[in-house]
Amino acid sequence: MGTAARFTFPTGVDLRLAGDRAAQQHFAAEYAGAGAPDDGSVPSLDVRFVRAPPAGPRIEGGHKTARWSVVAPAAEAGSLRAAIALRGRPRFFGLSLVQGYFVEPLLSVAVARAGAVLLPSAAIGEDGGALVIMGSSGTGKSSLSARALAAGRPVLGDDQILLDGDGRCWRFPRRMRFYSDLPQTAPAAYARLPASARRQLQARKLAKLLSRGFVRPSYAIQATEIAAGAATGPLALRRVVLLERSDETAQLTEEPAGAQVAVAHGLKLLAEQRARLAAGGDPGWPAALESAAALERQTLSAAVGGTPVTRICVPRGWSAPRAITALAAHLGTER
């Protein structure tokens, strides 16, 4: 089945991953810089990629190019374990799906047990601290992060960051995700990319056009391809923005929100990320996820308490370039 790789993340969480060469290469590229020797100790999360579907309770999902299943026994103590069987082509696309649907949601549970939060957010350096932007997929976190990077601002993440109860933010070392509209949403960042990355984005634009928008694959890019010297942190949490698209506004609006609203928003994003785990059928998962959410509520409450929190709404009808340009100017992330 191949060798095992180990990855160590801030806040004391590590991942041991065993699988074939394709799986090893994919995650080594995703978590570049987090690799560590496998010393044989029990990891926070132990993931195995196997050829045959595992026996027992499983989560199943499908796509016309990939099928997979995962068994993830929930444990109140010790490490989390997962066995994943992946089928279909292209394999890199299936690995990316499994990463987002299972590996990182499982990792977020391990992070919660370690007293921190793997938060679905972007974090941009601001006056020596961190501006944390919480928002669902499609609200513009990655494009804002790319523009900030190109402007020379430190960025800890465009979609996932690590946050502890003392309000310290670390980079979660995974590649950034961009879509074919990057030349319009973050032109300065696009111009900095190597020619090979620009060709990949153009190919994804063609796939989107040929499928009439049904296929819209992202492209994974290391932050160092836009700006040398990726920030790692920790940076102290300075302010929080809750970013939303809305049908109820005709212009960009901002209003105070408060710490409790930010905590609830963060928990909602985490629950959405773990939806496939919650539906997995393993009788231990509801209790395990409830326990993780309780720990995350405590951590987020401690981290966000006393931090300015606002909600920004952008008209849903605005195009992505218009929305991102207005947000970047409003937030000052390119100054």
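Criteria and thresholds
Residues numbered from 1 in each chain as written. Predicted model: local features only at pLDDT ≥ 70, side-chain atom pairs only at ≥ 80, totals over all residues. Heavy atoms only, no water. Helix = DSSP H or I, 4+ residues; strand = E, 2+ residues; numbered from the N terminus. Buried < 20%, exposed > 50% of the residue type's maximum accessible area, 1.4 Å probe, protein only. Contact = heavy atoms within 4.5 Å. Areas by Shrake-Rupley, 256 points an atom, 1.4 Å probe, with all protein chains shown as cover. Axes fitted to C-alpha atoms, helices over the stretch in contact; angles between N-to-C directions. Parallel < 35°, antiparallel > 145°, perpendicular 65-115°, else oblique. Left-handed = near helix turned anticlockwise from the far one by under 90°. Nonpolar A, V, L, I, M, F, W, Y, C, P; charged D, E, K, R; others polar. Phe/Tyr/Trp six-rings, centres within 6.5 Å; stacked < 30°, edge-to-face > 60°. Lys NZ or Arg CZ within 6 Å of the ring centre and 35° of its normal. Polar contact = N/O pair within 3.5 Å; in protein donor to acceptor, adjacent residues only side chain to side chain.

**A closer look at the overall build of the chain**
Per the secondary structure count, the chain includes 10 helices and 18 strands. In the chain, buried positions account for 52% of the 335 residues. If you take every contact in the chain between residues at least 6 apart in sequence, the share linking residues at least 24 apart comes to 73%. With the model as given, the accessible surface of the chain reaches about 14600 Å², and the carbon-plus-sulfur share is 53%.

**What about unusual backbone geometry?**
Here glycine 233 and proline 234 are connected by a cis peptide whose omega angle stands at 5°. Its identity is not glycine, yet threonine 11 carries a phi of approximately 75°, on the positive side. For threonine 11, the location among the structural elements is in the loop between β1 (4–9) and β2 (13–18). Overall, threonine 11 belongs to the partly exposed group, its relative accessible area being 23%. The backbone of aspartate 127 shows a phi angle near 50°, a positive value even though the residue is not glycine. You can see aspartate 127 is positioned in the loop between β9 (121–126) and β10 (129–134). Classification of aspartate 127 as exposed rests on a relative accessible area of 68%.

**Brief notes about the side chain of serine 108**
Among the secondary structure elements, serine 108 is positioned in helix α2 (residues 91–113). Excluding anything up to four places from it in sequence, serine 108 contacts Leu118, Gln273, Arg274 and Glu296.

**A word on the packing of α2 against helix α9 (residues 285–304)**
Packed helices, taken two at a time, are described by the angle between their axes plus the distance between the axes. At a minimum axis distance of 9 Å, the contact between α2 and α9 shows a crossing angle of 55°. Between α2 and α9, the interaxial angle falls into the category oblique. Seen along the crossing, α2 lies across α9 with a hand that is left-handed. The segment α2 lies against α9, with Leu106, Ser108, Val109, Ala112 and Arg113 engaging Trp285, Ala288, Leu289, Ala292, Leu295 and Glu296. Here the residues of the contact of α2 with α9 sort into eight nonpolar, one polar and two charged.

**Focus: the packing of aromatic side chains**
According to the stated counting rule, one finds seven aromatic pairs in the structure shown. For the pair tyrosine 101 and phenylalanine 102, a centre-to-centre distance of 6.4 Å together with 75° between the ring planes defines the contact as edge-to-face. Note on phenylalanine 102: relative accessible area 0%, which makes it buried. Linked through ring pairs, Phe7, Phe9, Phe27, Tyr31, Phe49 and Phe172 together constitute an aromatic cluster. For the cation-ring pair, arginine 276 lies above tyrosine 101, with the distance from its terminal atom to the ring centre recorded as 3.6 Å.

**Digging into the side chain of aspartate 158**
Structurally, aspartate 158 can be placed in the loop between β11 (155–157) and β12 (161–164). A distance of 2.5 Å separates the side chain of aspartate 158 from the side chain of serine 142, its partner in a polar contact. Beyond its immediate sequence surroundings of up to four residues, aspartate 158 is in contact with Ser121, Ala122, Lys141, Ser142, Ser145, Arg175, Met176 and Arg177.

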